[in-house]
Amino acid sequence: MNWEQLLSLKRFGDTNKRLRKEQDETRLGFEVDYDRVIFSSEFRSLQDKTQVIPLSQTDFVHTRLTHSLEVSVVGRSLGRRVGQKILQKHPQLQNVHGYQVNDFGAIVAAAALAHDIGNPPFGHSGEKAIGEFFISGNGKACKSELQPKEYQDLCDFEGNANGFKIVTQSREGREGGIRLSYATLGAFTKYPKESLPKKPTNHIADKKYGFFQSDKQSFVAVAEELGMLKRSETDVSFSRHPLAFLVEAADDICYTIIDFEDGINLGLIPEEFALEYLIKLVKSSINTKKYGQLTNTQDRVSYLRALAINTLINEVVDIFMDNEAAILNGEFDTALLDKSKYEAQINDIIKLSIDKIYQSTEVVDKEIAGYGVINSLLEVYTKAVNNCYDGTASNYDKLILKGLPKTLEVKQDSLYERLLSVCHYVSLLSDSQAILNYKKLKGFSI
């Protein structure tokens, strides 16, 4: 892969290429990507979607929206720092093509801002709930009528693939989705493969999948425009866009450190544990005088969190540049932080977060409720949509359809498209809206 192709300013839905040196310096092409994500309705709904604690009433606990904003800030720093070194190493990118340091930061920031845009309500348990409806619920009956990869898309419903659909899906008046640049779409796609074969190797790009069968041709068009390397002759699988490693690292840094901070502020993790674990990560950079003047838990943890994030940003930049050639050749097969000298400390923090936060009673109880909500919504909506298509819709089915958006693909001949359209609609609901819809279906509210 080469940077000249990887930094394509062409927008999804356009037929013409754009050159960096032709851009207005007051509003660079890649910065428009960030604006388009942040003004999208799908991004706004993240303010009421779970990050760690579902439906928390506590102000300082992160939602998907605040998490995404923080990941974009870390991603921008990573992109700029790496961009500075890339331009030093490949001066023709700036001298001939006009790329600037901030271009790298803008691409990573926009992709990071959108990285969770496809996540359904109730966090990762929402993804699992959709999948289980088709694995062991009423949705299992459709298996014989679907192609294996179509069925796998539903059984392993993936927020990353759903996000790619959101940002690229055309509809009336919105050709090319929200029309992001190909460079940003490449950086957004952490798993540039289809749902089958499932985890064919231990390569980090094979961990999950990044697009549904309905969006396969769109992704191939992005990958080919960017010159991403094919990894399979039989299935759609490509090497990652190099900047996708930085998007992943920004996310890894934030959920490792900031979820941990949330657990401390909620009292799920004792302060003495937190200080011990974080100090191990940043002990060489602590200003002991300044730290000693901090009088409460929140300020102490906030100070250590800032140091920890900065420490990991510095290391990620070094790891990326040390492996830049391997990354461009598609030979680098792990997450950047897997090469960190702080891997042991990071794993300790994650293990404590799993034990004390992710598996806490508050989280587990609300995830159980989320399973019930999503299963009920899917059962009613898929039945209504399919009955409408078959001409067997009851009055109840017709009432249900009147309450669903007109963009829902209820008249598609493809069963896969109809089912995926319902899953996509449910995925766009906020936590509160999903519960409200559930209550209406059950007759608990009017």
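Residues numbered from 1 in each chain as written. Predicted model: local features only at pLDDT ≥ 70, side-chain atom pairs only at ≥ 80, totals over all residues. Heavy atoms only, no water.

1. Observations regarding the overall build of the protein
Step number 1: Across its full length, the protein holds 21 helices and 0 strands.
Step number 2: Computed over the C-alpha atoms, the radius of gyration of the protein is 22 Å, within 12% of the 22 Å expected from 2.2 N^0.38 for a compact globule of 446 residues.
Step number 3: Once the C-alpha set of the protein is aligned to its principal axes, its extents read approximately 70 × 55 × 40 Å.
Step number 4: Per-residue burial over the protein gives 55% buried out of 446 residues.
Step number 5: Relative to all contacts within the protein whose residues are 6 or more apart in sequence, the contacts with residues 24 or more apart total 72%.
Step number 6: Total accessible area on the protein is roughly 19400 Å²; 48% of this is exposed by carbon and sulfur atoms. (Helix = DSSP H or I, 4+ residues; strand = E, 2+ residues; numbered from the N terminus. Rg over C-alpha atoms; globule rule 2.2 N^0.38 Å. Buried < 20%, exposed > 50% of the residue type's maximum accessible area, 1.4 Å probe, protein only. Contact = heavy atoms within 4.5 Å. Areas by Shrake-Rupley, 256 points an atom, 1.4 Å probe, with all protein chains shown as cover.)

2. Concerning helix α9 (residues 159–168)
It helps to recall that an α-helix has 3.6 residues per turn; residues three or four apart then point in one direction.
Step number 1: Counted residue by residue, α9 has 10 buried out of 10 residues, so it is predominantly covered.
Step number 2: Along α9, the residues classified as buried are Gly159, Asn160, Ala161, Asn162, Gly163, Phe164, Lys165, Ile166, Val167 and Thr168.
Step number 3: For α9, the elements touching its buried residues are α3 (41–44), α7 (124–135), α10 (182–188), α11 (216–226) and α20 (415–428).

3. Some points on the environment of Lys341
Step number 1: Its place among the elements puts Lys341 in the loop between α16 (324–328) and α17 (343–358).
Step number 2: Residue classification places Lys341 among the exposed residues on the basis of a relative accessible area of 63%.
Step number 3: Put simply, Lys341 and Glu315 are 26 residues apart on the chain and 8.5 Å apart in space, counted from C-alpha to C-alpha.

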